[in-house]
Amino acid sequence: MAVNAPQQQDPILINWLLDSDPAIRWQVLRGLTDAPDEVVVAERAKVATEGWGAQLLAQQGADGSWAGVAFNQSWNSTMHVLTLLRLFGLDPASDAAQRAVGLVHDNVRWRGWDWDGNWRGLDFVGNPFFAGEVEPCINGQVGASGAYFGQDIQRIIDRLLTEQLPDGGWNCEAENGSTRSSFNTTICVLEALLEYELTGGSNPAITESRLRGQEYLLERHLFKRHSTGEVIRQDRKGGAAFTSFAFPTWWHYDVLRGLDYLCRANISPDARLADAIELVQSKQDENGRFPLETFYPGTMPINLSEREGQPSRWNTLRALRVLNWYFAP
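These numbers come from a predicted model, not from an experiment. (Residues numbered from 1 in each chain as written. Predicted model: local features only at pLDDT ≥ 70, side-chain atom pairs only at ≥ 80, totals over all residues. Heavy atoms only, no water.)

1. Quick look at the overall build of the chain
- Regarding its fold elements, the chain presents 13 helices and four strands.
- Relative to the compact-globule value of 20 Å for 329 residues, the chain shows a C-alpha radius of gyration of 19 Å, a close match.
- Considering only C-alpha atoms, the chain reaches an extent of 60 × 50 × 35 Å along its principal axes.
- When the 329 residues of the chain are sorted by exposure, 56% land in the buried category.
- Partitioning the contacts of the chain with sequence separation of at least 6, the portion at a separation of at least 24 is 62%.
- About 14600 Å² of surface is accessible on the chain, with carbon and sulfur atoms providing 48% of the total.
- Within the chain, the 41 negative side-chain charges are centred at a point lying 2 Å from the centre of the 29 positive side-chain charges. (Helix = DSSP H or I, 4+ residues; strand = E, 2+ residues; numbered from the N terminus. Rg over C-alpha atoms; globule rule 2.2 N^0.38 Å. Buried < 20%, exposed > 50% of the residue type's maximum accessible area, 1.4 Å probe, protein only. Contact = heavy atoms within 4.5 Å. Areas by Shrake-Rupley, 256 points an atom, 1.4 Å probe, with all protein chains shown as cover. Lys, Arg positive; Asp, Glu negative; His and termini not counted. Charge placed at Lys NZ, Arg CZ, Asp CG, Glu CD.)

In structure tokens, the structure reads:
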């Protein structure tokens, strides 16, 4: 399929994006405008003191956790809140981040799990939070936040490297006998490995593993079956549609999340991305905005003021960032 370079971004669209929370504003200024570095830095600093970032930080318990647990099946646990703070771009060097993450490091545990991945019952204190647990999809999410906030996630990295499947990806169901990788698990792990590399923790084994996992996505054009080339309309586990864009995505994969990862990894785009890029472009409305197509039900710790089916500042920011990268001269 042919894809056409987007026209120059409309100032009205940029102003609409900027009429938002600091978590979005600083990323728009950095990625979509020519704002000076000092303006971007000043706006980013507000994530800790205003709006969504400040609200999340204020919800942390005295025990260092959010919702009293390392992880839950909703979206308000320690793991989920740290994911949001990472996506918001809370400066890891800020006093607020150091204080909050320090409390997590010192106090939050994976109750019941020992260092060898054995379940010892809920009375067992369990691993420190940034040591992770046993599922690669969860460890990927913990690892991405841990690396971003400067924590030691070596146990997670070592475990993930041993869990890579022959086709290049990862799958939480491997322990139950699955030999094929999952888009969902693979993207969670790739984000963790990339974050680890970007924060200076790389070595050849990690890079090689990440590039193999990245190739798993690219061989499938980000949303197609490797065997037939057929578009994957819906995930077998959880019912998520790869072609519908969510935010937050949590453990779910979609095409925009895959492209956002590749953009951040700064790969050189090739022809295998053309259909995914055309899919993204097809979502843009006459005002240049992109919709929130999927919102996963659960208990959000804060209200991001976006509704399913309506224009989304988060998805618009991410889509424009991807398109700028893909069409860069």
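2. Let's talk about the environment of W75
- Inspection of the secondary structure assignment puts W75 in the loop between α4 (51–58) and α5 (78–88).
- Along the primary structure W75 and Y296 are separated by 221 residues, whereas in three dimensions their C-alpha atoms are 9.3 Å apart.
- Among residues more than four places away in sequence, those in contact with W75 are H80, W250, W251, Y296, P297, G298, T299, M300 and P301.
- Reaching out from W75, the side chain makes a polar contact with the backbone oxygen of Y296 at a distance of 3.2 Å.
- Side-chain polar atoms of W75 contact the backbone oxygen of P297, separated by 3.0 Å. (Polar contact = N/O pair within 3.5 Å; in protein donor to acceptor, adjacent residues only side chain to side chain.)

3. Concerning the side chain of T316
- Looking at the secondary structure, you find T316 in helix α13 (residues 313–326).
- Contact partners of T316, with chain neighbours within four places excluded, come to L13, W16, L17, G288, R289 and F290.

4. Quick word on the state of the cysteines
- Counted according to the given criterion, the structure contains one disulfide.
- Cysteine C263 shares no disulfide, and the gap to the nearest cysteine sulfur, in C188, comes to 18 Å. (Disulfide = S-S within 2.5 Å.)

5. Focus on the packing of aromatic side chains
- Throughout the structure, instances matching the rule amount to 15 aromatic pairs.
- Ring centres of W110 and F129 lie 5.4 Å apart, and the angle between their planes is 5 degrees; on these two criteria the pair is classed as stacked. Note that W110 is positioned in strand β1 (residues 109–110) and F129 in the loop between β2 (127–128) and α7 (136–148), a separation of 19 residues in sequence. Residue W110 shares its accessibility class with F129, and that shared class is buried. (Phe/Tyr/Trp six-rings, centres within 6.5 Å; stacked < 30°, edge-to-face > 60°.)

6. What to know about the nonpolar core
- With 98 residues, the main nonpolar core has F88, F129, L222 and L259 as its most contacted residues.
- Once you skip the residues sitting within four places of it in the chain, F88 turns out to touch A23, W26, Q27, V47, W52, G53, L56, I302, L304 and W314. (Core = buried A, V, L, I, M, F, W, Y, C linked by side-chain atoms within 4.5 Å.)

7. Considerations on unusual backbone geometry
- Cis geometry is adopted by the peptide bond preceding P248, which originates at F247 and carries an omega value of -5 degrees.
- Even without being a glycine, L222 presents a positive backbone phi close to 75 degrees.
- Position of L222 relative to the elements: it lies in the loop between α10 (204–219) and α11 (255–265).

8. Focus on helix α8 (residues 154–162)
- All of the buried residues in α8 are R155, I156, I157 and L160.
- For α8, the secondary structure elements touched by its buried residues are β2, α7, α9 (183–198) and α10.

9. Description of the packing of α9 against α10
- Their axes nearest at 10 Å, the elements α9 and α10 cross at an angle of 145 degrees. As α9 packs across α10, the resulting crossing turns out to be left-handed. Counting all contacts with α9, which are made through F183, T186, I187, L190, L193, L194, Y196 and E197, the residues of α10 involved are I206, T207, S209, R210, G213, Q214, Y216 and L217.
- Within the contact of α9 with α10, the residues separate by chemical class into nine nonpolar, five polar and two charged. (Axes fitted to C-alpha atoms, helices over the stretch in contact; angles between N-to-C directions. Left-handed = near helix turned anticlockwise from the far one by under 90°. Nonpolar A, V, L, I, M, F, W, Y, C, P; charged D, E, K, R; others polar.)

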